Amino acid sequence: MSNVVAIEGGDGVPPEPNWRTVFGRQADRDVAGQYWQSIISEMRGAEKLAVVNAHSVKRLVVAYVTYDISAREVLKSGPVMKAKKTGVPSYNPWWTTMSNAAAQAAAIEKELCISPRNRSAGGIVAKKVRRVMGAGYLKDRG
């Protein structure tokens with residue numbers, strides 16, 4: 001007799017990752033959990049959720065949290081700052097990180113068909129119900 005091994009996510013919902021292994025700060029882990037839940041509920045509502053999407057959703061959450069962290073740092077010191085040694089103005093490294101996280105998030109949202117613009121591209125679209133006039137036995141004479 002073989003042993004039965006339970007696999008999480010059998011209902012189509014991927015298991016939430018352990019954010020402790022990804023983010024060091026508790027605040028970032030809490031925000032990541034909130035983003036995960038909102039993305040999963042959005043995808044479930046749009047009937048686009050599958051266990052196979054777990055890694056893409058995780059990458060999207062990481063991009064969101066990275067953007068938030070970078071945006072906080074950019075707000076503190078600005079998008080342009082002077083280099084320590086030369087004093088020459090240059091882009092803040094956090095600005096570059098924020099821009100890259102935004103681009104990654106946009107690409108993953110498009111891949112998962114999360115944004116309203118791409119929502120109809122990937123998934124089952126409900127067909128319109130055909131309306132029958134009369135009782136269905138009358139001929140159209142017009």
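The structure contained in this document is the topic of the report that follows. Note that the structure is predicted; figures quoted are calculated from it, not measured.

With respect to the nonpolar core
One finds Ile 39, Met 43, Val 57, Leu 60, Val 61 and Leu 112 to be the most contacted residues of the largest nonpolar core, which totals 19 residues. Only helix H1 (26-45), helix H2 (54-77) and helix H3 (93-112) provide two or more residues apiece to this core. By residue number, the principal contributor to this core is H2, which donates six residues. Apart from residues no more than four positions distant in its own chain, Leu 60 is found in contact with Ile 39, Ala 105, Ile 108, Glu 109, Leu 112 and Ile 114.

Things to note about the environment of Asp 28
With respect to the helices and strands, Asp 28 occurs in helix H1. Owing to a relative accessible area of 7%, Asp 28 belongs among the buried residues under this scheme.

Notes on H2
The end-to-end C-alpha distance of H2, which contains 24 residues, comes to 35 Å, matching closely the 34 Å that a straight helix rising 1.5 Å per residue would cover. Packing partners of the buried residues in H2 comprise H1 and H3.

Quick notes on the packing of H1 against H2
Remark: H1 packs on H2, axes separated minimally by 9 Å, with the N-to-C direction vectors making an angle of 135°. In terms of their interaxial angle, H1 and H2 are classed as oblique. Crossing of H1 over H2 shows right-handed handedness. Across from Asp 28, Val 31, Ala 32, Tyr 35, Trp 36, Ile 39, Ile 40 and Met 43 in H1, the residues of H2 making contact are Ala 54, Val 57, Lys 58, Leu 60, Val 61, Tyr 64, Val 65, Asp 68, Ile 69 and Arg 72. Split into classes, the residues belonging to the contact of H1 with H2 amount to 14 nonpolar, no polar and four charged.

About the thresholds
- Residues numbered from 1 in each chain as written.
- Predicted model: local features only at pLDDT ≥ 70, side-chain atom pairs only at ≥ 80, totals over all residues.
- Heavy atoms only, no water.
- Core = buried A, V, L, I, M, F, W, Y, C linked by side-chain atoms within 4.5 Å.
- Buried < 20%, exposed > 50% of the residue type's maximum accessible area, 1.4 Å probe, protein only.
- Helix = DSSP H or I, 4+ residues; strand = E, 2+ residues; numbered from the N terminus.
- Contact = heavy atoms within 4.5 Å.
- Expected span 1.5 Å × (residues − 1).
- Axes fitted to C-alpha atoms, helices over the stretch in contact; angles between N-to-C directions.
- Parallel < 35°, antiparallel > 145°, perpendicular 65-115°, else oblique.
- Left-handed = near helix turned anticlockwise from the far one by under 90°.
- Nonpolar A, V, L, I, M, F, W, Y, C, P; charged D, E, K, R; others polar.

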